Each structure stands twice: as C-alpha cells, then as structure tokens.
Amino acid sequence: MTEERMALVELLQKSGDGDFLRAVAEAVLQILMEADVEGLIGAGRHERTGDRLNYRNGYRDRSLDTRLGPLSLRIPKLRQGSYFPPFLEPRKTAEKALVMVIQEAWIGGVSTRRVDELVQAMGLSGISKSQVSKLCKDIDERVNAFLDRSLEGEWPYLWLDATYLKVRDGGRIVSVAAIIAVAVNTEGRREIVGLGIGPSEAEPFWSGFIKGLTKRGLRGVKLVISDAHDGLRLAITRVLGATWQRCRVHWIRNALAHVPKGQHTMVAAAIRQAFLQADADAAHQTWRHVADQLRARWPKLATLMDESEHDVLAYMTFPAQHRTKLHSTNPLERLNKEVKRRADVVGIFPNEASITRLIGAVLLEQNDEWLLQHRYMQIEGMAELTPPLIDADPAKLPPMAA
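Okay, so let's go over this structure. (Residues numbered from 1 in each chain as written. Predicted model: local features only at pLDDT ≥ 70, side-chain atom pairs only at ≥ 80, totals over all residues. Heavy atoms only, no water.)

### As for the packing of helix H10 (residues 280-295) against helix H11 (residues 299-312)
Thinking step 1. Between H10 and H11, the shortest axis-to-axis distance is 8 Å and the interhelical angle comes to 170°. As judged from the angle between their axes, H10 and H11 are roughly antiparallel. Both H10 and H11 take part in a crossing whose hand is left-handed. Where H10 abuts H11, its residues His 284, Trp 287, Arg 288, Val 290, Ala 291, Leu 294 and Arg 295 lie against Pro 299, Leu 301, Ala 302, Thr 303, Met 305, Asp 306, Ser 308, Glu 309, His 310 and Val 312.
Thinking step 2. Residue composition of the contact of H10 with H11, by class: nine nonpolar, four polar and four charged. (Axes fitted to C-alpha atoms, helices over the stretch in contact; angles between N-to-C directions. Helix = DSSP H or I, 4+ residues; strand = E, 2+ residues; numbered from the N terminus. Parallel < 35°, antiparallel > 145°, perpendicular 65-115°, else oblique. Left-handed = near helix turned anticlockwise from the far one by under 90°. Contact = heavy atoms within 4.5 Å. Nonpolar A, V, L, I, M, F, W, Y, C, P; charged D, E, K, R; others polar.)

Right, dumping it as structure tokens:
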C-alpha cells in the first residue's frame, strides 16, 4: 500500500460503527486459518486422498483484541498434534498485516500477488488466487445483498445525489458518477435504497438507475429532491411521475453568481422571504414580488427566478411538518462526506467493482445506524399525503365483499 493511503483502522475510528468490518476481519482470519490447516493436513475438508497427513478434530474458541474491536476466532484442532495460527504472535505486527489484507482485498480488488505478500507477512505460507477471491466474496455478498434487497411498502420521499470518483478504465483515468438514493417510507423511517455507478449524468443513465429501484419495489414516490443534474428531471417524470424539488441550497448558490459579492447577503435575505411563508400560494406570490424588485438591477437573476420558481418551491405543497427536510439535499451531506473521506484514501479505484465494494459497505454501515434511530419524519404528516377514502367518489369505490 502507498504511504499516502490512510490506514483503514484510522478510518474506522473516525466513522464510528465498526460492527460490519469486525465481521469481515473475523471472516478473513477464518479463511486464512482454514487454508493454512489444509496445507498442514495435505487435504481439504472431507477430501479423500492418499496424501493426507492428519485429520481435523473440531475447533476451539479464541478472542483476539484489535483496534477494530475484539474478534471471535475458531481455531482448528488436529487429531494428532496441535495447530496454532502464527499470526497471533506478535499481535501488533499481525494486526497491522491483517488490516492491510482486508484493505487490499476490500478496496484494491482481487490482487493475488499483493495479498499473498501480506499473508506471508502474517507468518502464513501464502495464498492462492481462489483463496483471495474468498476474502472478497464475503464482503461482496453482504454488500450486494444490501444493495439488491427488496423494498417493501411506499416511499413518498426520495433524495438523489451524485458523488464523482476516479477509476482506471483501459489504461486511462476517468471520472464516474456514484449515485446514492435515500428514501423515507410512510412510517417515517429513512433508509439508503440504492447505489449506482455510471459514466455520465445523461437521461438514459438516470432512467436506468430509477427503473432499477422500481423493479426492487420502490413505489408511492411523490417528491424527488436533488440538484439540477442533467437528464434527471426528465427521468423522474418518465419513470416515477413524481414532483421534482430542486435543491434550494444549491439553487441559491447558482443565483448569487449573478449578483456582485457585496450584495449577496441582501439578495439572499430577500429571496428567503418566500421560504418563510406559511403556504404555497403565499410563497409563490412573494417569490414573484421579489423577482420583480430585482429585475431592473439583475435581469439574469430575475429570469432564473422566473424559470425555476415551481422547481424551488415544490416542497411547499407538502406537509408543513416535513418541509424543513424536503427543500434540499442537505440530509445527505453527512453521508456524502463519509463516502468522500473513504474514497479519498483510495484516490483512484482500480475498477467499478471496487467502488461498489467500498461505497456499498459505507452505506450498509450507515443504514444499520439509521435503523436504530428514531423516526426521521413525523408519521402524522404522512396522513396528509393520502386523501381519505371518504372523500372519494362512491361510484368509483370497489364493491364490498358479500
């Protein structure tokens, strides 16, 4: 690993919850011990061969204290003699090598030669390509199961945001978009519902990503909150038929680019008067009034306000209890910062699979944390999103069962 890369354990200390990675570390060590024992015995588990030198005889439990947390190990026992993993002593050196093995397998993809060198540094005889694949398989299976899981119920609110990462592609270094989707269901619970990797932000890419969410069960979406990414608005209309809320924070930054820096505070305060209104009608009226006041001095700003009025104020037609979290992509900011912090350690990813492995694991950890927290939105406001049945036309109601 290059000196510029921060050690994985430092990342864990910053990110908080390391339950997932402790499980990965346990799986990695177990695979290495099994491979080492196979070499000593001369045969795999249940394998019949004349080269067999010994037999297995169960396991004994052993706890290994590391900076990742205590790891629960099952050390193989032999029928004749004994087996003790060489990497357990000295512990500090072994722990450092273990973290490097996980980091290389997790972030760098399957690099047999590099992981083999690290395994030998742990005191083991080496590792084959198939065994390196097993190191990554457990991580990939968990991440893919999380990213491909079925989505139950209705999800009225959906946030979409893109983070740009560098990856090697045919000898070149290119930029790809990592799309993160977060949604809130009718119970007020927030979950990460998707991750997509693509070369651009054209409409076909967005449509394909959103269609993938709907195939997994995403339904009932009424509002999508995002920045003004190319092609996204059209994809939302075609696939979801939902309302689009343009991120208010990013819009104000774009708007102030048409105003001298010395006037930013005054202009921003004037525009925000629309956001302080109690209902949508008052907000739109105030917005147009402010635009007319600014038109003479800054015609480009006024034109931008005319064109984006309904996109920036879309959230005002939704329940008042929810509006503070609906007007921007700010709810994703902390998540995006963690993703970027992990990604910056790598710098340039070797392939798109390694992006999915790293970012997917970060999202899995965060989602587990969210599930343990209180509701993200008040459930009372959700009732306002669905018209009551008694207001429906009686002639259109389904017949009652006999």
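### Quick look at the pairing of strand E5 (residues 190-198)
Thinking step 1. Extensive coverage of E5 is indicated by the burial of eight of its nine residues.
Thinking step 2. Where strand E4 (residues 172-184) lies against E5, eight bridges are found, and the strand directions are antiparallel. Bridged to Ala 183 within E5 is Glu 191.
Thinking step 3. What sits between the antiparallel neighbours E4 and E5 is a turn of five residues, in which Gly 188 has the positive phi angle 80°. (Buried < 20%, exposed > 50% of the residue type's maximum accessible area, 1.4 Å probe, protein only. Pairing = 2+ DSSP bridges.)

### Describing the packing of aromatic side chains
Thinking step 1. By the definition in use, this model includes six aromatic pairs.
Thinking step 2. Relative to Phe 318, the ring of Tyr 157 lies with its centre 6.0 Å away and its plane at 65°, an arrangement referred to as edge-to-face. Within this pair, whereas Tyr 157 is found in strand E3 (residues 157-169), its partner Phe 318 is found in the loop between H11 and helix H12 (333-346), the two being separated by 161 residues in sequence. For the pair shown, Tyr 157 and Phe 318 are each scored as buried.
Thinking step 3. On the numbers, 6.3 Å between centres and 80° between planes, the contact of Trp 159 with Tyr 376 is edge-to-face. Of this pair, Trp 159 sits in strand E3 while Tyr 376 is found in the loop between helix H13 (352-371) and helix H14 (379-382), placing the two residues 217 residues apart along the sequence.
Thinking step 4. Residue Trp 159 is classed as buried on the basis of its relative accessible area, which comes to 1%.
Thinking step 5. Judged by its relative accessible area of 15%, Tyr 376 is buried.
Thinking step 6. One aromatic cluster is present, built from ring pairs that chain together Tyr 157, Trp 159, Phe 318 and Tyr 376. (Phe/Tyr/Trp six-rings, centres within 6.5 Å; stacked < 30°, edge-to-face > 60°.)

### Regarding helix H7 (residues 232-240)
Thinking step 1. Every buried residue of H7 is listed here: Leu 232, Ala 235, Ile 236 and Leu 240. End-on view of H7: buried residues confined to an arc of 100°, all on one side of the axis. Relative to its buried face, H7 has exposed residues pointing more than 90 degrees away, namely Thr 237 and Arg 238.
Thinking step 2. Contact partners of the buried residues in H7: E3, helix H6 (203-215), strand E6 (223-226) and strand E7 (243-246).
Thinking step 3. Following H7 by one or two positions, Gly 241 adopts a phi angle in the positive range, close to 65°. (Arc of directions from axis to C-beta.)

### Considerations on the pattern of salt bridges
Thinking step 1. Under the counting rule described, the total for this entry stands at eleven salt bridges.
Thinking step 2. Arg 238 is paired through a salt bridge with Glu 203; the nearest N and O atoms lie 3.5 Å apart. Of the two residues, Arg 238 is situated in helix H7 and Glu 203 in helix H6; the sequence distance between them amounts to 35 residues.
Thinking step 3. The exposure class of Glu 203 is buried, given its relative accessible area of 17%. (Salt bridge = Lys/Arg side-chain N within 4 Å of Asp/Glu carboxyl O.)

### Here we look at H6
Thinking step 1. A rise of 1.5 Å per residue sets the reference length of H6, with its 13 residues, at 18 Å; its end C-alpha atoms lie 18 Å apart and thus fit the reference within 8%.
Thinking step 2. Among the residues making up H6, those that are buried are Glu 203, Phe 205, Trp 206, Ser 207, Phe 209, Ile 210 and Leu 213.
Thinking step 3. On its buried face, H6 is in contact with E3, E4, E5 and H7.
Thinking step 4. Taken from the residues just after H6, Gly 217 is the one with a positive phi, measuring 120°. (Expected span 1.5 Å × (residues − 1).)

### Examining the packing of helix H8 (residues 248-256) against helix H9 (residues 264-272)
Thinking step 1. Closest axis-to-axis distance for the H8/H9 pair is 11 Å, and the angle between their directions is 135°. Considering their axes alone, H8 and H9 lie oblique with respect to each other. Considering only the axes of H8 and H9, their crossing is right-handed. Together, Trp 251, Ile 252 and Leu 256 of H8 and His 264, Val 267, Ala 268, Ile 271 and Arg 272 of H9 make up the contact between the two elements.

### Examining the environment of Glu 152
Thinking step 1. Within the secondary structure layout, Glu 152 lies in the loop between helix H5 (129-147) and E3.
Thinking step 2. Judged by its relative accessible area of 63%, Glu 152 is exposed.
Thinking step 3. Placed 65 residues apart in sequence, Glu 152 and Gly 217 show a C-alpha to C-alpha distance of 6.2 Å.

### Some details on the side chain of Glu 191
Thinking step 1. You can see Glu 191 is positioned in strand E5.
Thinking step 2. In contact with Glu 191, other than residues within four places in its own chain, are Arg 149, Trp 155, Ala 181, Val 182, Ala 183, Asn 367, Trp 370 and Leu 371.

### Describing the nonpolar core
Thinking step 1. With 77 residues, the main nonpolar core has Tyr 157 and Trp 159 as its most contacted residues.
Thinking step 2. Dropping the residues within four chain positions of it, Tyr 157 is found in contact with Val 182, Ala 183, Val 184, Leu 223, Phe 318, Pro 319, His 322, Leu 326, Met 377, Met 382 and Leu 385.
Thinking step 3. The next biggest cluster of nonpolar side chains, apart from the first, holds 24 residues, and it includes Ala 162, Phe 205, Phe 209 and Leu 218. (Core = buried A, V, L, I, M, F, W, Y, C linked by side-chain atoms within 4.5 Å.)

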